[in-house]
Every structure is written in C-alpha cells, then in structure tokens.
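Structural features, examined
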Amino acid sequence: MFAMIWTLRVLLLPSLTLPLARAATCPGNIQLGGHGAVSMIPTGWGDPTAATLGVSGTGELTANIGSRAYFAEKCNAGVYSNEDYLALNLLGKTMRYTTDLSGAGCGCNAAMYLTSLRQNPNPSDCHDHYCDANNVCGQSCAEIDIQEANQRAWHSTLHSASDRFGVGGGYGGGDSWNGARDWNAAQYGPHARCIDTNRPFEVAVSFPINGPGGILTAMQIELTQQGHSCSLKLNLNSYSSMAELSQALQKGMTPIISYWSSDKMLWMDGKGTDRQGPCAADNAKACGNSVKFFNFSVADIGAPLPPIVAPPRSSQKPTEKPPQDPVPSPVPAPAPVPLPVPMPFPLPIPPGVDSNGKTAIFDALGALCGTGSSVKAVGHTLLGYVAETIDRIHTSQHQELICCATTILGLACAWDGPLFYQAIFTVVLAMLVASMVDFEVNASDFTSDTVSRGVVLGQAGAAAAVAVHTGFDGSQVVFGSLIGLLSAWGSSSWTEDLEDHMHGIRLLVYSQGAILGCLVFTAWRPLFLKTLAPLVGGFLVASGLGALFGRGLTALTGSSLLILPPPSMDWATGADCLLGTRGKGCLLWGFACGLVALIFMGFGGARRRILAISTLLAYIIANAVFGAALRADALGAPRAWPFFGCLLWAFSTAASAWRQLSITDEAEIRESLDNAMGTMLSMRDSVKELDANAFRSALQSFTPSRLDQQLPTFERLPQNPDTSRDRYRKQKDGGRDTEDRKETSRLLMLGRQGSLER
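In this report, we go over the structure that sits alongside the text.

Cut-offs used in this document
- All residue numbers here refer to positions counted from 1 along the written sequence of the relevant chain.
- Restriction of local features to residues with pLDDT of at least 70 applies here, the model being predicted, together with a cutoff of 80 or more for giving and counting side-chain atom pairs; totals for whole chains, interfaces and linings are based on all residues.
- Hydrogen atoms and water are omitted, and side-chain values are computed over all heavy atoms in the structure.
- Starting at the N terminus, helices and strands are each numbered in turn, a helix being any DSSP run of H or I of at least four residues and a strand any DSSP run of E of at least two.
- Buried residues are those whose accessible area, probed at 1.4 Å on protein chains only, stays under 20% of the maximum for their type, while exposed residues exceed 50% and partly exposed ones sit between those limits.
- Exposure was quantified through the Shrake-Rupley algorithm and a 1.4 Å probe, taking into account, for residues, occlusion by the shown protein chains and nothing else.
- For two strands to count as paired, DSSP must find a minimum of two bridges between them.
- Note on definitions: angles span 0 to 180 degrees between N-to-C directions of axes, and those axes are lines fitted to C-alpha atoms, for helices only across the stretch in contact.
- Oblique is the label for any angle not covered by the other classes, which are roughly parallel (under 35 degrees), roughly antiparallel (over 145) and roughly perpendicular (65 to 115).
- By the definition used in this description, the sense in which the near helix is turned from the far one sets the handedness, with an anticlockwise turn below a right angle giving left-handed and a clockwise turn giving right-handed.
- By definition, residues are in contact when any of their heavy atoms lie within 4.5 Å.
- Under the grouping applied here, Gly and all other residues not named as nonpolar or charged are polar, the nonpolar ones being Ala, Val, Leu, Ile, Met, Phe, Trp, Tyr, Cys and Pro and the charged ones Asp, Glu, Lys and Arg.
- Should a side-chain nitrogen of Lys or Arg be within 4 Å of a carboxyl oxygen of Asp or Glu, the pair is scored as a salt bridge.
- The definition of a nonpolar core used throughout is a set of buried Ala, Val, Leu, Ile, Met, Phe, Trp, Tyr and Cys residues joined through side-chain atoms within 4.5 Å.
- Two rings belonging to Phe, Tyr or Trp (six-membered ring only in the last case) form a pair when the distance between their centres is within 6.5 Å. Interplanar angles under 30 degrees mark stacking, angles over 60 mark edge-to-face geometry, and anything in between is tilted.
- Criterion for a disulfide: a pair of cysteine sulfur atoms at a distance within 2.5 Å.
- What a helix is expected to span follows from its residue count: subtract one and scale by 1.5 Å.
- Note that the arc is computed from the directions linking the helix axis to the C-beta atoms.
- Two joining distances apply to patches: 9 Å for like charges and 5 Å for nonpolar side chains (Val, Leu, Ile, Met, Phe, Trp, Tyr), and every residue must have over 30% relative accessible area and no salt bridge.

**As for the overall build of the protein chain**
When you go through the protein chain residue by residue, the secondary structure sums to 20 helices and 20 strands. A burial count over the protein chain gives 47% of its 758 residues as buried. Element-wise, carbon and sulfur atoms account for 60% of the exposed surface of the protein chain, whose accessible area totals about 37700 Å².

Structure, rendered in structure tokens:
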C-alpha cells in the first residue's frame, strides 16, 4: 500500500527542481487502420528528465519507462491544447492492437487506456489537460482501462468520472485482499499455453451497444496469439455507470499509452490472500527499458479487419532508451510533470501494516487525490467506503431482496419517523463499528477462527449500540453539525465568486449550515422528523415498489411498461432517476422544505397541514421535472418513470405526512421556534447594547504607562563574554526606575526640540 507513497515521490520530486530543457519535438505519426494518420503527443515537453516515446516509420510505438503519450489529430510541439487530441467514438466498434511486454516483469505496468481529454478545456495541474477517474491532475473524467499489464498480470477496468475503483477483471493482484482471478498463470504469463508474454500478442477490445443509437452494454476483451489455439476473454457487462461511459464514448475518448514501474505494484500483480496471484514481490529496477504497441486498427464489431501497417519485427530484448539531446535550451513555461498511469486504490486499504501507520497512508492519499492534506484525504477515504457500498448495491445479484428491504424500511419511516430514525441510526452505527473492527482484525490477524471473530464483532457492535443509545442526543450534535456543513458546502458554490469581494462569506455560510444542522438533529429533531420522515419514507417506498412492479410485470408478461424502470436496472439507479436535484445540494433542499413545512405547522392556522404537505409535494414535483429532463436519458430509463415514480412518492409522502402531522402539537412547534428566534434576537440586542464609552475606557486602560504599573519590569545587565546568553533580573522597586528613565527621556527630547526652535 505504500505504492501510493512511492508514486507520490515520483510525482513530486521532478517538480522540485526544473533544469534547462531540451527543445520540444513531436515524436511522429502512426497509421490507425480504419481511421487514418494519428499524431502522438508526449508528456514532459520542456523537462529534460522526462522519458520519451519512440515512433518508428512502420508505426511501432516504443514506450520507454516513465513515459506517457496521447493520440492526437495533430501535434504542435511545445503546446498542449485539448482541441488537438483525438476524440475516438468506439461505440459499436472493435479496436485492435499488438503489444510486446517482454522484459516487463513484476512491478512493471504497461497501460493502454481511454479518457475524455478532448472534452477537458482546463489545463489541469499537469498543464496538458490530463484527466482521469482518480483526479490525479486535479481534473476528473471517465476512464476506460483497456490494459494495465505486465508479463505476469493483466487488468481491464471501467471507471465513471467519480469512481476511482471501478469494475474490472483479468488476472493478478492483491496484498491483503484478492484481485482478479478470471485467468491463471497457466493461461497468461511467460511460457503459458494461451498467451506467452515472452512474445507479442494481439488485443481486441469491443464496445457493443443495445441497438442503433443505444447505450454501451459491455466492454469485451479478447487476447490472442499466433501459434496458440486458445484465447483469453473478459466481458465486463455489470457496471452501473454504463450510460455515463456511453456518453463519454459518443463524444469521443482519447487513447493513451504509458509505461511505469514501482516496487509497490502488488495491487496489480500480487499473490493475494488466496496465494493464487503471480508475484510475491515487485522489483522496479528489473523492469525492461521499454514496451511496444503496434498494428492499431478500428472497425465495426464483426467487420473485416481494415488494412494496417505490417507488424514490425519483434524482439525479446527490451529496447534501449533513445539518447538524450545534448543541447539544452530554456523553455518559457513550466513543463508538466510526467505521471504514471493512476493506479487504483483497492478497498479495503489495510491500515497500520507499516511503521508509519495510517497517517502515511492518508498523507499519500491526500497528495494523490489532489487534496494536499491528510484531513481531506480521510474524508476522501471515507467517501471511498461509501462509494464502495453504493457500488455493491448497484452490482448485487439480489436486487429483488434489496427492493423489498427498501420498501419495508420506507413504510417504517413513513409510519413513525422519530422512532424509526433512532432505531436505524443506532443499528447502522453499530454495524459500521463492527465492520471497522472486522477490518482491523483481518489486517492484524487478531483471531484465527470464525467463532472468536464473531465474538469480537458482536462485542464491538453491542458496545457501540449501547453507547449510542445511552448518549443519543450527544451523538446527534456531531452528526447534525456534519450534515449541516455538508449541505452548506454542496449548495454554496456561488460563494466562491463573492469571497474575493466579501471576505468571510463562505465561513459564514458554512457555520450557519453547521448550526442549523445541529439544531435540526437535536432540539428540533422530534418535530423536524415528522416532516422529513414522510419525504424520505415516501421516496424509499416509491423506488422500491417501482422496481418490484417492473420486475414482476416482466416476469409475468415478458414485457415492460414505459412508466416503470426496466427490469435490467438495479434499484439504486432507478432511485437515482427520481432525484433530479441530486448531489450534495439535494440534502439542503430536502432539509429546507422540511423546515418550511414545520414553520407552516406552527403558524399556518387552520390550513397548516395542507400548507406543510404542499411544501413537501413541491420538492417532489421539482425532482420529477428535473429527473425526466436530466437524469432519465443519462441512466437509460424511460422519461415516464421519473413522473410515475414521483407520483408514487407524492402519494406515499402525503399519506404519511397527514398521519404524522395530525399528532403534532402546534404549541410545541411555536415554542421551539420562538426559543430559537429569542436566542438569536438576544444575541443581536447584546451587541447593540455595547457601551462605546466603556469600550473606549477599557482600551485606554491598556496604555503603556498603565501596563508598566501593572506588570513587573526587567533590567538588562551587561553581557558577560563568558556567557552565551544575556541575563535578566527582576526589579524589586515596582518599576519606579523605569518611570524615572522615561521622565528623563521626555525632558531630554523637550530640550532638544527647544534648541532646534531657537
């Protein structure tokens, strides 16, 4: 896991000193069969230490260790522009190429992947418009890893713009976890029976779609080799973000090749806990100087191979690095630091397995995630766990069970919000603590049998549940402040522009969000949940029932209705279609509507319940409109589903709110709101009642003379040459000598002033 730290050094050390650079040159062009001529643009223009890319006249690309290069429509030496990069639409097409990985052993990574460089106008922290799913250069975009490989391991992975971990397959990887095991060492590796990585082999990657103009259904990988009758295949077809990748491919993605090394590459080629992976240890120094890519072509799936350049003569020996230009010349602009392919961070990341402990891991994560601090890295790591949980929900094979559980939880929330919230909060936190304990137990080999492990987890979960139940209100202070801060952060991007003109506006918004969240989850929680719980419960019921209806109807009739999510869609994606106001701001708008509904309940008079419910329904209507306009097509759902789903949501919310608000005490709401307003008004009045004269007198009391009378004074003694420091002794006369010296100085200055006037 300290591969992250090593990679951090690779990223940052070249930027500490930037010597004079050689003149920028374009490596050359290759022929992409079925498309035409393609230019190559390398990273590191202006950096004399940057590794180079070799381009032969026969179309062979030689990626030297530490290099990265982009496919482009044209190359303008020394200038990076996203408009120059190739935007390749591979939907419904197959891309083929040949690679020679001889010499790239354990600890080496030869990569061929796609990202949305053409659509990224921001130069990024790397100055070359680079973006990927790991946000390495400060810019995130969709990423498709066709190949991350060496002679022993192979990985292919799909990433949406916000998914650093993705869904992949292949062979190899794992330190305290297990990586992909679709193949084995007898099928892929040196002298293997299917792909002998001592010799070049062919790669074909296909992107099938579900009909003309459809969305991506899978990424299919096939490795073949002349003289071998068996091929190796992958079919990545269960990713929840296929719609996002479809849009990225349709707009055009840029092919990228790179070659790098690390002593911490076990995430890709390690043996894992099952000991079935290829490499027990990595040795970056043993990596060959280069790898090769050639014979590139693109064609429709199933179409004949287009004419391509004849394969170059292969060699078992790694190509030597080309000589450096001996004549350096200065460059006017800073050169981008060459980066290796961003490596994935497999979850879980075992903490505490090195002498530096968790802090080093978080510091490395902070740098690689672009946060620059371990505090933000902890947040990114926690979000990573949340993202992994959501991804498991997306890819679970038990969607019917998930839909049933969601519906039941929604009904419980809609029936009694405050009671349900306390119960579910306690259970979830206990499960979270038990999961963390299980994580630490596995990392440190604390227990060796299942019974002991179960006892430890049970004790941890029970202790957490008792602690939360006993100090529930205290836990809500922290949780409410966190949720309020998160909500303010997600909906206050407008403060960035005002910060330069109104310094402190962002701090004000964030602090008010934290205070409001604290009030909502403590003093106002029992009342507030009676307006928010119907909203949340109705959402869970509508999304769960909609998915169950869609799957049940398809099972009975063999067809689906346009008002329901398709049966192939998982519950989380179908629920996402209903949240047109998705994102962090969705929390704030939901809380705001609940608060307005609560105010109506306290001051709305005879129609207070109708006004409160109407406020909640307005939030649902907004989600229906934005969901149909912005979310349905992107997620592959019919546009009628957000309207019908939000109709179910509105009906469930109205029924639940009518019941829960009917037992709400109007006087209690008024008293709570009056107390809050009274507190804020008293603070304002206290500020207004400050006595300016008293304040001025207080300031005058801290004049130098008064301070001299109140504080002890010190007299400096002559410096003793035998002593390294001056010594001081405290005066015993209360500071009278100091006053005398000040009076003498004053008279002396008056005398000098008088002599000048004369």
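**Concerning the sheet that holds strand 3 (residues 53–55)**
Taken in spatial order, the seven strands line up as 3-4-18-6-14-15-16 in an open sheet, and their pairing is antiparallel. The open sheet terminates on both sides in strands that have one partner only, identified here as strand 3 and strand 16 (232–236). Within this sheet the neighbouring strands show an average axis-to-axis angle of 20°, counted without direction. Of the strand pairs in this sheet, strand 14 (residues 201–206) and strand 15 (residues 219–224) are connected by five bridges, and their pairing is antiparallel. Residue pairing for strand 15: Val205 is matched across the bridge by Ile221.

**Some remarks on the sheet that holds strand 2 (residues 36–42)**
One key point about sheets: their strands pair by backbone hydrogen bonds, in either a parallel or an antiparallel sense. If you trace the nine strands from one edge of the open sheet to the other, you get 1-2-5-17-7-8-9-10-11, paired in antiparallel fashion. Unpaired on one side and paired on the other, strand 1 (28–32) and strand 11 (180–181) mark the two borders of the sheet. When strand 1 meets strand 2, the two strands line up antiparallel, connected through five bridges. Within strand 2, the position partnered with Leu32 by the bridge is Gly36.

**Examining the packing of helix 6 (residues 399–415) against helix 12 (residues 525–557)**
When two helices pack together, their arrangement is given by the angle between the helix axes and the distance between those axes. Relative orientation of the contacting elements helix 6 and helix 12 amounts to 150°, with a least axis distance of 7 Å. Overall, the two elements helix 6 and helix 12 adopt an arrangement that is roughly antiparallel. For the pair helix 6 and helix 12, the sense of crossing is left-handed. Each of Gln399, Glu400, Cys403, Cys404, Thr406, Thr407, Leu409, Gly410, Leu411, Cys413 and Ala414 in helix 6 lies in contact with helix 12, whose residues at this interface are Ala533, Val536, Gly537, Leu540, Val541, Ser543, Gly544, Leu545, Ala547, Leu548 and Arg551. Tallied by class, the residues present in the contact of helix 6 with helix 12 amount to 13 nonpolar, seven polar and two charged.

**Some words on the pairing of strand 10 (residues 167–172)**
When a strand is regular, its side chains alternate between the sheet's two faces. Where burial is concerned, most of strand 10 is hidden: five out of the six residues are buried. Here strand 9 (residues 154–159) runs beside strand 10; their pairing, made up of five bridges, is antiparallel. Looking at the pairing, Ser156 lines up with Gly169 of strand 10.

**Digging into the pattern of salt bridges**
Counted according to the given criterion, the structure contains eight salt bridges. Salt-bridge contacts for Glu60 lead to Lys292; the nearest nitrogen and oxygen are separated by 3.9 Å. Residue Glu60 is found in the loop between strand 3 and strand 4 (61–64), and its partner Lys292 is found in strand 18 (residues 290–300); the two are separated by 232 residues along the sequence. A salt bridge links Asp84 to Lys74; the nearest nitrogen and oxygen atoms lie 3.9 Å apart.

**Here's the deal with unusual backbone geometry**
One non-glycine residue with positive phi stands out, namely Asn135, at about 55°. Counting through the fold element by element, Asn135 comes out in the loop between strand 7 (108–115) and strand 8 (143–149). Phi is positive for His191, which is not a glycine, with a value near 65°. With respect to the helices and strands, His191 occurs in the loop between strand 12 (188–189) and strand 13 (195–196). Relative accessible area serves as the criterion here: at 67%, His191 is assigned to the exposed category.

**Considering the nonpolar core**
Ile144, Trp154, Tyr188, Leu223, Phe293 and Phe296 are the most contacted members of the largest nonpolar core, which has 59 residues in total. Beyond its immediate stretch of four places on either side in the chain, Leu223 contacts Trp154, Trp183, Tyr188, Ile195, Phe201, Glu202, Val203, Ser231 and Leu232. Residues Tyr421, Leu564, Ala612 and Ile620 belong to the second largest nonpolar core, which totals 48 residues.

**Describing the packing of helix 6 against helix 16 (residues 640–662)**
Following both chains from N to C, one finds helix 6 and helix 16 inclined at 35°, their axes separated by 8 Å at the closest point. Contacts between helix 6 and helix 16 involve Cys413, Ala414 and Trp415 on the former and, on the latter, Ser656, Arg659 and Gln660. Among the residues forming the contact of helix 6 with helix 16, the class breakdown is three nonpolar, two polar and one charged.

**Points about the packing of aromatic side chains**
One pass over the full model with this rule turns up twelve aromatic pairs. With 5.2 Å between their ring centres and 80° between their planes, Tyr70 and Tyr85 make a pair best called edge-to-face. Pair noted here: Tyr70 is in strand 5 (residues 67–72) and Tyr85 is in the loop between strand 5 and strand 6 (93–100), with a separation of 15 residues, a long-range link. Their ring planes at 50° and their centres at 6.1 Å tell us that Tyr97 and Phe293 sit as a pair that is tilted. Placement of Tyr97 in strand 6 and of Phe293 in strand 18 is noted, with a sequence separation of 196 residues between them. Here Tyr97 falls in the buried class, since its relative accessible area comes to 1%.

**Quick look at the environment of Ala467**
For Ala467, the position within the fold is in helix 8 (residues 450–470). Ala467 gets classed as partly exposed once you look at its relative accessible area, which sits at 48%. Sequence spacing of Ala467 and Ala430 is 37 residues, and the spatial spacing of their C-alpha atoms is 9.3 Å.

**Looking at the state of the cysteines**
For the structure on display, the rule yields six disulfides. In this model Cys126 forms its disulfide with Cys137; the gap between the sulfur atoms is 1.9 Å. Disulfide Cys126 to Cys137: torsion about the S-S bond roughly -65°, handedness left-handed. Placement of the pair is Cys126 in the loop between strand 7 and strand 8 and Cys137 in the loop between strand 7 and strand 8, with a sequence separation of eleven residues. The cysteine Cys577 is free of any disulfide, with Cys646 supplying the nearest cysteine sulfur at 10.0 Å.

**Remarks on the pairing of strand 18**
In terms of burial, strand 18 is largely enclosed, as ten of its eleven residues are buried. In this sheet, strand 18 lies alongside strand 4 in antiparallel orientation, the contact comprising four bridges. When the bridges of strand 18 are listed, Thr62 appears paired with Lys292.

**Brief notes about helix 6**
An α-helical turn contains 3.6 residues, so any two residues separated by three or four positions project in the same direction. Its 17 residues place the ends of helix 6 24 Å apart at the C-alpha level, agreeing with the 24 Å of an ideal helix rising 1.5 Å per residue. For helix 6, every residue scored as buried is listed here: Gln399, Ile402, Cys403, Thr406, Thr407, Gly410, Cys413 and Ala414. Axial view of helix 6: buried residues confined to an arc of 135°, hence all on one face. Exposed residues pointing more than 90 degrees away from the buried face of helix 6 are listed as Leu401, Ile408, Leu411 and Trp415.

**Overview of a nonpolar patch on the surface**
Nonpolar side chains collect at one region of the surface, where Ile621, Val625, Phe626, Leu630 and Phe643 lie side by side and expose about 500 Å² of accessible area between them. At four residues, the largest contribution of residues to the nonpolar patch is made by helix 15 (residues 608–635). Here Ile621 is to be found in helix 15. Residue class for Ile621 comes out exposed when judged on its relative accessible area of 53%.

**Considering the environment of Val437**
The topology assignment puts Val437 in helix 7 (residues 417–444). For the pair formed by Val437 and Ala460, sequence separation is 23 residues and the distance between their alpha carbons is 7.1 Å.

Any functional reading would require information beyond the geometric quantities listed.
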